[in-house]
Amino acid sequence: MEIIETAEAMRAWSFRQKRLGKTIGFVPTMGALHEGHISLMRAAVQGNDLGVASIFVNPTQFAPNEDFSKYPRTFEGDVRMCTEAGIQAIYAPTGDSMYPAGYSTYVTVENVSEGLCSRTRPHFFRGVATVVTKLFNAVLPDRAYFGQKDAQQCAVIKRMARDLDMGIDIIEMPIIREPDGLAMSSRNRYLGPEDRQRALCLSRSLFQAEKMLQAGERSAAVLIQAVREGMDAVNIDYVELVDADSMQPVDRVEQPVVLAVAALVGPARLIDNIKYIL
Ligand code: AMP
């Protein structure tokens, strides 16, 4: 296992592997790793000759009032988990090396970045698209793995990779959940016992809506109302039914859709979703 701290060293490592004919699967993360991240790493290792993960808490995707400074940082445990998952190199750049004084370049993905999470986090997808582009330019992967847990982020990255001819396959992986249904998230660490219990209403409401979909319900208004009623114990940010590629709201389920929720549960902002394909 190698830990690599600069873009130059990372690119040199990847060029060496490519000269040997090796393919590279890449998993970008912000660390504080859990089984959700590990599932992506296993897929990267299985689907490629080599697996690379990055650990970088990206300041440009946090607003000044958000949790950048207290975001959990568990680097030693993360390295152990990456090693166990079969990852060969961890790219862990410093903030200064990523955004030196005078840094001025950002990637903006239009349309698919609008709505949902960007309504309360307008800075977020510009930060994500920018950092992922920089990580891709350092790691030079053949395939990159993202979780459906962050469905809009995944749609943004797919759009960006296509639009900018990046030549990287973006692979979306299913949501890994705790045994009681809660979607795994680094931010679940913020939850005390009572909030942890209340947080279950996100997945519970989504699963109930999934049953309604399976039983033939097609109206967005009906599905959204049912989910909202199930989430009365938390502070809802949004409940929306959107097209799975464009992330634009739909009135009826007539194509692959994502039913997505975000809520404040105590100190944590949590998101979750289900995808439904007719
Ligand atoms: P993060 O470190 O939270 O930025 O997440 C890094 C990657 O892991 C993103 O592609 C996430 O969508 C993915 N991820 C986070 N939580 C889960 C989960 N519960 N199941 C699957 N993938 C996840």
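Above this text is the structure in question.
1. So, the packing of aromatic side chains
- In this structure the tally under the stated criterion is 8 aromatic pairs.
- With a centroid separation of 5.9 Å and 75° between ring planes, the pair formed by F62 and Y71 is classed as edge-to-face.
- Residue class for F62 comes out buried when judged on its relative accessible area of 8%.
- Classification of Y71 as buried rests on a relative accessible area of 7%.
- Between Y99 and Y103 the ring centres are 4.9 Å apart and the planes differ by 85°, which places this aromatic pair in the edge-to-face class.
- Assessed through its relative accessible area of 14%, Y99 is described here as buried.
- A relative accessible area of 23% means that Y103 is categorised as partly exposed.
- K70 extends its terminal NZ or CZ atom over the ring of Y190, reaching a point 4.7 Å from the ring centre.

2. A few points about the sheet that holds strand 2 (residues 24-29)
- With parallel pairing, 6 strands are arranged side by side in an open sheet as 1-4-3-2-5-6. Lying at the two open borders of the sheet, with one neighbouring strand each, are strand 1 (2-4) and strand 6 (169-173). Sheet twist, expressed as the average angle between the axes of neighbouring strands with direction ignored, equals 25°.

3. Here's the deal with the pattern of salt bridges
- Inspection of the entire model under this criterion finds 12 salt bridges.
- Here D163 and R159 are joined by a salt bridge, their closest N and O atoms 2.8 Å apart. Pair noted here: D163 and R159 are both in helix 7 (residues 151-163), with a separation of 4 residues, about one helical turn.
- Residue class for D163 comes out partly exposed when judged on its relative accessible area of 43%.

4. Details of the layout of surface pockets
- Estimated volume of the second largest pocket: approximately 190 Å³.
- Taken together, 16 residues line the second largest pocket, and the ones lying closest to its centre are I55, F56, V57, R73 and F75.
- In the lining of the second largest pocket, the residues fall into 11 nonpolar, 2 polar and 3 charged.

5. Focus on empty space enclosed by the protein
- Per the counting criterion, the structure on display carries 1 cavity of 30 Å³ or more.
- Of the volumes computed, that of the largest cavity is approximately 50 Å³.
- K149, L182, A183, S185, N188, L202, L270, I271 and D272 are the residues that line the largest cavity.
- It is strand 9 (residues 268-276) that provides the largest number of residues to the lining of the largest cavity, a total of 3 residues.
- A class-by-class count of the residues in the lining of the largest cavity yields 5 nonpolar, 2 polar and 2 charged.

6. A closer look at the sheet that holds strand 8 (residues 257-265)
- Spatial ordering of the open sheet is given by 7-8-9, a layout of 3 strands whose pairing is antiparallel. Two strands close off the open sheet at either side, each with one partner strand: strand 7 (235-243) and strand 9. Taking the axes of each pair of neighbouring strands and ignoring which way they run, one obtains an average angle of 15° across the sheet.
- In terms of strand pairing, strand 7 meets strand 8 through 8 bridges, oriented antiparallel. Pairing of D243 across the sheet is with V257, part of strand 8.

What counts as what
- Residues numbered from 1 in each chain as written.
- Predicted model: local features only at pLDDT ≥ 70, side-chain atom pairs only at ≥ 80, totals over all residues.
- Heavy atoms only, no water.
- Phe/Tyr/Trp six-rings, centres within 6.5 Å; stacked < 30°, edge-to-face > 60°.
- Buried < 20%, exposed > 50% of the residue type's maximum accessible area, 1.4 Å probe, protein only.
- Lys NZ or Arg CZ within 6 Å of the ring centre and 35° of its normal.
- Pairing = 2+ DSSP bridges.
- Helix = DSSP H or I, 4+ residues; strand = E, 2+ residues; numbered from the N terminus.
- Axes fitted to C-alpha atoms, helices over the stretch in contact; angles between N-to-C directions.
- Salt bridge = Lys/Arg side-chain N within 4 Å of Asp/Glu carboxyl O.
- 1 Å grid on protein atoms, 1.4 Å probe; cavity = no way out; pocket = protein on both sides within 12 Å on 5 of 7 lines; lining within 4 Å.
- Points joined across faces, edges and corners; volume = space filled by probe spheres on them.
- Nonpolar A, V, L, I, M, F, W, Y, C, P; charged D, E, K, R; others polar.

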